[in-house]
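Chain by chain, the residues:
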Amino acid sequence: MDLSVSLDCLQGAPLPCSLFFLTHLLFLVQPERLNSEDIKVVGPGEPILALVGEEVEFPCHLSPYVDAEHMEIRWFRSQASDVVHLYQEGRELLHLQMAEFQNRTRLIRDEIGDGSVILQLHSIVPSDEGLYGCSFLSSNFSGEAVWQLEVAGLGSDPHISLEDFKEGGIQLRCSSGGWYPRPRTQWRDQQGRCLPPEFEAIVQDRQGLFSLQTSVVVHSGAHSNVSCSIQNPFLAQKKEFVLQIADVFLPGNSPWKGAFLGTLGVLPVLLGLLAAVAWHFFRRQRRAQGKLTAELGKLQTELDWRRAEGQAEWRAAQQYAADVTLDVDSAHPSLEISADRRSVWSGDAARGAAADDPGRFSEQTCVLGRERFSTGRHYWEVHVGRRSRWFLGACLATVARAGPARLSPASGYWVMGLWNDREYFVLDPHRVALTLRVPPRCVGVFLDLEAGRLSFFNVSDGSHIFTFADAFSGALCAYFRPRAHDGRGPPAPLTICPLPVRGTGAPEEDDRDAWLQPYEPSEPAPGPW
């Protein structure tokens, strides 16, 4: 509609006629108002999966976008009276929350002016599973959206222990905890055949998590190794422990038992033979014990040698110290970076304006190093302190900043992580549990681009942790992910440790010394210990 009007046409017109024309003009140009029936509440739209101990986000917004700052916004459980979180007229009414959600929710309302809000729920437990919803209420509008929350927990690594000698064999017990929903267990032999359990018990604790114990009896010569696997049926993931068993640990039949039963009628004549057989049995047992002691000594010697070799590799890697600093422009908006760009920790709130920066990670709460490595060898150390959750390593400089990512070599990530203060692991490409003798307070990372290796070292005791072997397809940079704070004490940062950079510190050893040069191309690659 063309509303252009020349005011000259009103000159000379009668006053009542002019007023009538201006009134109709104002009516035509007034902005269009939305009908409340055209506004809808939009929630997640599909079931959300959350892991036990993690956090989950419940996003809700109005469509089309309408200012919701002066509306009542309610998150509820099953029905509106079961309040998870309540917002009214710029205030959060926390005293109306259900008891099980108190001190566990956080409202993000940076975009409430556009009708978009997010509720974060921390420390997920199995009882959180169920139906959730959010509602918007004003004087002329009300609407809600509902969705399903599904909870799963991947428990601890299986622990196998020797219980007793039983029925001509040994009884093994496998135990684990922290699973949800109810897990499935399976014993298998070296050919992958299922072994029937002698005993199995699965119990649920007060928090809803399942713990289990199962046992099996292994007989001499039947199996050279036995595995206990525990599977989460919801996640289709499992944890497995394989135990190798030597026959020397399994009781055998007595070599003189049959002879003794056959000589009861001629006992006086065969007493000497019986004594000889007993002496033979005693010597055989002594030899078996000596063999076992020798094998254990050999194993201990090999472990000591491997530990010494790992410490030598770590000392050699330190020669290639690199000056690594944090790239502030890549950091997720919720992270805080120190002024010297060497420390990062989780902040209390995201900076809304920075969240739209395409150079920043939008969902991964991580930050990259500024330096790009295309050739050579490079080493840096990161102080992790007593943090209970973190990821460290390296990634391709070209990884996508938007959306989630699986931290595996196939996606361009070579990292190790700590989960819940006790579970160290890598993704290569599947989850590989790591057993560390000493929890590291400082982790060393050594990148050898020519050899195609990235290694992790425990600086606390100088031991080798794990090595990735891969063909890197582009420039790499350091990767840091402090993870969300678990609420225990003040948040501790991940800090890049200062090291003497090569060329400014002590002179390097002669490159011809093969012992001090880790992962030379002519030597086979060491595997994880």
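Quick caveat: nothing in here was measured; it's all calculated off a predicted structure.

## Section: the state of the cysteines
Inference 1: In the structure shown here, the tally under the stated rule is 2 disulfides.
Inference 2: Two residues, cysteine 60 and cysteine 134, share a disulfide whose sulfurs are 2.0 Å apart. Taking the torsion about the sulfur-sulfur bond, which here is approximately -105 degrees, the covalent link between cysteine 60 and cysteine 134 counts as left-handed. One end of the pair, cysteine 60, is in strand E3 (residues 56-63); the other, cysteine 134, is in strand E9 (residues 130-137), and 74 residues separate them in sequence. For the residue pair cysteine 60 and cysteine 134, the accessibility class agrees, reading buried in each case.
Inference 3: Paired through a disulfide, cysteine 174 and cysteine 228 show a sulfur-sulfur distance of 2.1 Å. Between cysteine 174 and cysteine 228, the disulfide has an S-S torsion of -80 degrees and is therefore left-handed. Of this pair, cysteine 174 sits in strand E12 (residues 169-179) while cysteine 228 is found in strand E17 (residues 225-232), placing the two residues 54 residues apart along the sequence. In this structure, cysteine 174 and cysteine 228 share a single accessibility class: buried.

## Section: the sheet that holds E12
Strand pairing in a sheet relies on backbone hydrogen bonds, with the paired strands running either antiparallel or parallel.
Inference 1: Reading across the sheet, the 4 strands line up as E11-E12-E16-E15 and stay open at both edges, with antiparallel pairing between neighbours. Only two strands of the sheet have a single partner each, and these edge strands are strand E11 (159-166) and strand E15 (199-204). For this sheet, the mean angle separating the axes of adjacent strands, direction not counted, is 20 degrees.
Inference 2: As defined by bridge partners, E11 adjoins E12 across 7 bridges and the pair is classed as antiparallel. Residue pairing for E12: lysine 166 is matched across the bridge by glycine 169.

## Focus: the environment of glycine 53
Inference 1: When you line up the elements, glycine 53 lands in the loop between strand E2 (48-51) and E3.
Inference 2: Sequence separation between glycine 53 and serine 123 is 70 residues; the distance between their C-alpha atoms is 4.4 Å.
Inference 3: Those residues in contact with glycine 53 that sit more than four places away from it in its chain are Ser123, Ile124 and Arg389.

Quick notes on the rules
Residues numbered from 1 in each chain as written. Predicted model: local features only at pLDDT ≥ 70, side-chain atom pairs only at ≥ 80, totals over all residues. Heavy atoms only, no water. Disulfide = S-S within 2.5 Å. Helix = DSSP H or I, 4+ residues; strand = E, 2+ residues; numbered from the N terminus. Buried < 20%, exposed > 50% of the residue type's maximum accessible area, 1.4 Å probe, protein only. Pairing = 2+ DSSP bridges. Axes fitted to C-alpha atoms, helices over the stretch in contact; angles between N-to-C directions. Contact = heavy atoms within 4.5 Å.

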